[in-house]
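Analysis of the macromolecular model
Listed below, chain by chain, are the residues.
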Amino acid sequence: MKRDHCQTWSPPQPSRTAKKGALATELREEIGQEVERLVTLLTPAGDGVGGLDLEVAELAIRAGMHRIGGSFLEKLLALDRGHRGPRVECGAGHEATFVNYREKYLTTVLAPVRVQRAYYHCADCHGGVVPRDDELRIAGSSLSPGVRRITARTGSQEPFAQASRDLADLAGITVPAKQVERVSEASGDRIRKAAENEWADLLAGTILPLPATPIPTLYVAVDGTGVPTVPAETEGRAGKGADGRAHTREIKLGCVFTQTKLDEDGRPVRDPDSTSYLATAESAETFGPMVYTEALRRGVQRARRVVILGDGARWIWNIAGEHFPNSIQVVDLYHAREHVGDLATLLFPTDPTERRQWREARVTELDRGDITTLLHQFRQVDCASGIADQVRKQISYFETNKTRMRYGEFRRMGIFVGSGVVEAGCRSLVHQRLKQSGMRWSLRGAQSVIWLRCHQAGGRWDEFWAAPKIA
Ligand SMILES: [Zn+2]
């Protein structure tokens, strides 16, 4: 074979095996030193009896192990400093030229580490390019992917300042509260983006819905709940506040779950781990297609029965009519019972016994789904002219939702008649984290944190963080 004498000369590189050997030797030495240090620090003086403070010892050993781990990580990172030749693609169609190696400090789950990466400059974009940062998923961040993952997790569970303290105490990692907030929001945004990409792929037919087998009954439950927001998010919006202004914005929450079995008493049982969640602060026009695509992902086209559960809100039934035209629509029985209670209070304001008897009789009719009798009974009661409008409004709720209240029939079909799953979702995914005293959210922040919580509740957390292409 002819040798190419024009090849540029480069200094001989140490072989892979030699590099590994050197790394192991260095590490062994550091471990030895750290162990020596810990032994000296923690071994009691004198006869060696007593004197050990267990808490001090365990935390000191953990810190020592983290230091060794950090050093190991730093050495691993130093094996490839990201030099990808004299020039690389800048990302905007130009070539960026290698300039030098630059340092950055990275907070990792072990210890802070120093990482050197090749820095390229694009003369056309007037910007820097660091290929290694993209490969390591640390571009624009001083936190490692592992730290970002646990930061987002704690930030989704508790107020950011508290999350910062917990990270320090539980994991020995320093992440200021403001950074917990930024990482949580950015992670929530990426989760939402990943969900949107997945929906786009589903609609394009490049990925297939779950599961491959037919689903007996698929439920879509939808509800709305208010989240307290900063004044800028409610400017010009009328609301129920004492000053007539809105102080909250509505978050729409959707759940998709399946049901295969009935219990011994013939009541429906939700399939374990079958619930997925999605949420938005946007309009019903935007939310409708989102809910539909999530249902598509979950196999709505293979479902023998599709049931939509909600309270009386008109936007819910508009979504049901438009996106799930062949579904069974069910108004939550417990909301309907509340409306009967409200009507009883209006019609019998002074006599509690009469009110209770009347209410119980109407609830029995409601539970049977006998809305014709119910409406007939409503109209038998004379009401004071001052409340006629309120009474008419209540009655119209039952007239409008008549076909969605065939509770007797629904029970015989073995399907759920309550939207408890989505209401519990509103409480646990939204209220518990976002409606604590003094909280005021930006819509973006609120949505991001809710998406983090939805993804965890839907059992997709690991899947998201394990997938580099979307994380
Ligand atoms: Zn460029």
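Residues numbered from 1 in each chain as written. Predicted model: local features only at pLDDT ≥ 70, side-chain atom pairs only at ≥ 80, totals over all residues.

1. Here's the deal with the domain arrangement of the protein
For clarity, the cut-off: Residue ranges assigned to the domains are those given by an automatic or database domain assignment. Contact definition: two residues whose C-beta atoms, as placed from backbone geometry, lie within 7 Å.
Its domain assignment divides the protein into domain 1 (87–182), domain 2 (208–332 + 418–457) and domain 3 (335–413). For domain 2 versus domain 3, the distance between C-alpha centres works out to 27 Å. Residue-level contacts link 6 residues of domain 2 with 7 residues of domain 3.

2. Quick look at the packing of helix α9 (residues 333–347) against helix α10 (residues 352–368)
To keep it simple, the criterion reads: Between the N-to-C directions of two axes lies an angle of 0 to 180 degrees, each axis being a line fitted to C-alpha atoms and, for a helix, fitted only over the stretch in contact. Here a helix means four or more residues in a row that DSSP labels H or I, a strand means two or more in a row labelled E, and each is numbered from the N terminus. Each angle is binned into one of four classes, with values under 35 degrees roughly parallel, values over 145 roughly antiparallel, values of 65 to 115 roughly perpendicular, and all other values oblique. By definition, turning the near helix anticlockwise from the far helix through less than a right angle yields a left-handed crossing, and turning it clockwise yields a right-handed one.
It is at 9 Å that the axes of α9 and α10 come closest, and there the two elements cross at 150°. The angle between α9 and α10 places the two elements in the roughly antiparallel class. In the packing of α9 onto α10, the handedness of the crossing is right-handed. Taken together, the residues of α10 that come into contact with α9 (itself represented by Ala 336, Arg 337, Val 340, Gly 341, Ala 344 and Thr 345) are Arg 355, Trp 358, Arg 359, Arg 362, Val 363 and Leu 366.

3. Here we look at the environment of Leu 309
The condition that has to hold: Buried, partly exposed and exposed are defined by the number of other C-beta atoms within 10 Å of a residue's own C-beta, namely 20 or more, between the two limits, and 12 or fewer respectively, with C-beta atoms placed from the backbone.
Checked against the element boundaries, Leu 309 lands in strand β9 (residues 303–310). Judged by C-beta crowding, with 30 C-beta atoms within 10 Å, Leu 309 ranks as buried. C-alpha of Leu 309 to C-alpha of Glu 235: the two residues are 74 residues apart in sequence and 32 Å apart in space. Ignoring sequence-local partners within four residues, the contact set of Leu 309 consists of Tyr 219, Ala 221, Val 330, Asp 332, Phe 416, Ser 419 and Val 422.

4. What to know about the nonpolar core
Grouped burial of nonpolar side chains is what soluble globular proteins tend to show. Test applied: Here, a nonpolar core means buried Ala, Val, Leu, Ile, Met, Phe, Trp, Tyr and Cys residues linked by C-beta atoms lying within 7 Å of one another.
Counting 70 residues, the largest nonpolar core has Tyr 219, Val 220 and Ile 450 as the members making the most contacts within it. Per element, the largest residue contribution to this core is 7 residues, and it comes from strand β5 (residues 215–228). The residues contacting Val 220, other than those within four sequence positions of it, are Gly 254, Val 256, Val 291, Ala 295, Val 306, Ile 308 and Phe 324.

5. Quick notes on the pairing of β9
Selection rule: Two strands qualify as a pair provided that DSSP identifies no fewer than 2 bridges between them. Note on handedness: a crossover is taken as right-handed if, strands pointing away from the viewer, the path from the first strand over the helix to the second is clockwise.
Where β5 lies against β9, 6 bridges are found, and the strand directions are parallel. Residue pairing in the sheet places Tyr 219 in a bridge with Val 307 of β9. Here 4 bridges tie β9 to strand β10 (residues 328–331), and the two strands are oriented parallel to one another. Residue pairing for β10: Leu 309 is matched across the bridge by Val 330. Running through helix α8 (residues 314–323), the crossover from β9 to the neighbouring parallel element β10 is right-handed.

6. Thoughts on α8
Our working rule: Starting at the helix axis, one direction is taken to each C-beta atom, and the arc is that of these directions.
Turning to α8, its buried residues are Ile 316, Ile 319 and Ala 320. Seen from one end, α8 has its buried residues packed into an arc of 100°, which puts them on one side. Along its buried surface, α8 packs onto β5, α7 (284–297), β9 and β10.

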